[in-house]
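Read off the chains here:
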Amino acid sequence: MDPDAQHLEQLARWQRGETGVPYFRIFNPLTQQQKFDRDGAYVSRWAPAVSTPAYPGPMVDVQASRKVALAAYDDIAAHH
């Protein structure tokens, strides 16, 4: 199969939810930063204002929003 066609087929499977993963992943942005950007280099490059006093605080409570998202997924799964 043509590599481009294979890539498109994989993308279509992912969009249809045919990934073989039996669960949803909800990534915690704070945990991801701790794991993959401990020194803050990536965030500093792409969002330099983060380290300034003018930068606003968090817009959502990550733990609370996770619970809301999981409840929504459960509700969707229960009705399909």
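Everything numeric here is computed off the predicted structure, so don't read it as measured data.

Definitions and limits used
- Residues numbered from 1 in each chain as written.
- Predicted model: local features only at pLDDT ≥ 70, side-chain atom pairs only at ≥ 80, totals over all residues.
- Heavy atoms only, no water.
- 1 Å grid on protein atoms, 1.4 Å probe; cavity = no way out; pocket = protein on both sides within 12 Å on 5 of 7 lines; lining within 4 Å.
- Points joined across faces, edges and corners; volume = space filled by probe spheres on them.
- Helix = DSSP H or I, 4+ residues; strand = E, 2+ residues; numbered from the N terminus.
- Nonpolar A, V, L, I, M, F, W, Y, C, P; charged D, E, K, R; others polar.
- Buried < 20%, exposed > 50% of the residue type's maximum accessible area, 1.4 Å probe, protein only.
- Lys, Arg positive; Asp, Glu negative; His and termini not counted.
- Salt bridge = Lys/Arg side-chain N within 4 Å of Asp/Glu carboxyl O.
- Polar contact = N/O pair within 3.5 Å; in protein donor to acceptor, adjacent residues only side chain to side chain.
- Contact = heavy atoms within 4.5 Å.
- pLDDT = per-residue confidence, 0-100.

(A) The layout of surface pockets, seen in detail. Estimated volume of the largest pocket: approximately 340 Å³. Contributing to the lining of the largest pocket are Pro29, Leu30, Gln33, Val43, Val50, Tyr55, Pro56, Gly57, Pro58, Met59, Val60 and Val62. By residue number, the principal contributor to the lining of the largest pocket is helix α2 (residues 29–36), which donates three residues. Classifying every residue of the lining of the largest pocket by side-chain character gives ten nonpolar, two polar and no charged.

(B) Structural detail: the side chain of Asp37. With respect to the helices, strands and loops of the structure, Asp37 is situated in the loop between α2 and α3 (41–46). Lacking a salt bridge, the buried Asp37 has Arg38 as its closest oppositely charged neighbour, with an N-O distance of 9.5 Å. Engagement of the side chain of Asp37 in a polar contact is seen with the backbone nitrogen of Ala41, the distance being 2.9 Å. Contact partners of Asp37, with chain neighbours within four places excluded, come to Gln32, Tyr42 and Val43.

(C) Focus on the confidence of the model for the chain. Scored by pLDDT, the chain has a mean of 83; 85% of the residues are at 70 or more. Here helix α1 (residues 3–16) is the element of the chain with the lowest mean pLDDT, 74, and α3 is the one with the highest, 93.

(D) Up close: α2. Within α2, only zero of the eight residues are buried, which leaves it mostly out in the open. For α2, the side-chain oxygen to backbone nitrogen distance between the N-cap and Leu30 is 2.7 Å, and the N-cap itself is Asn28.

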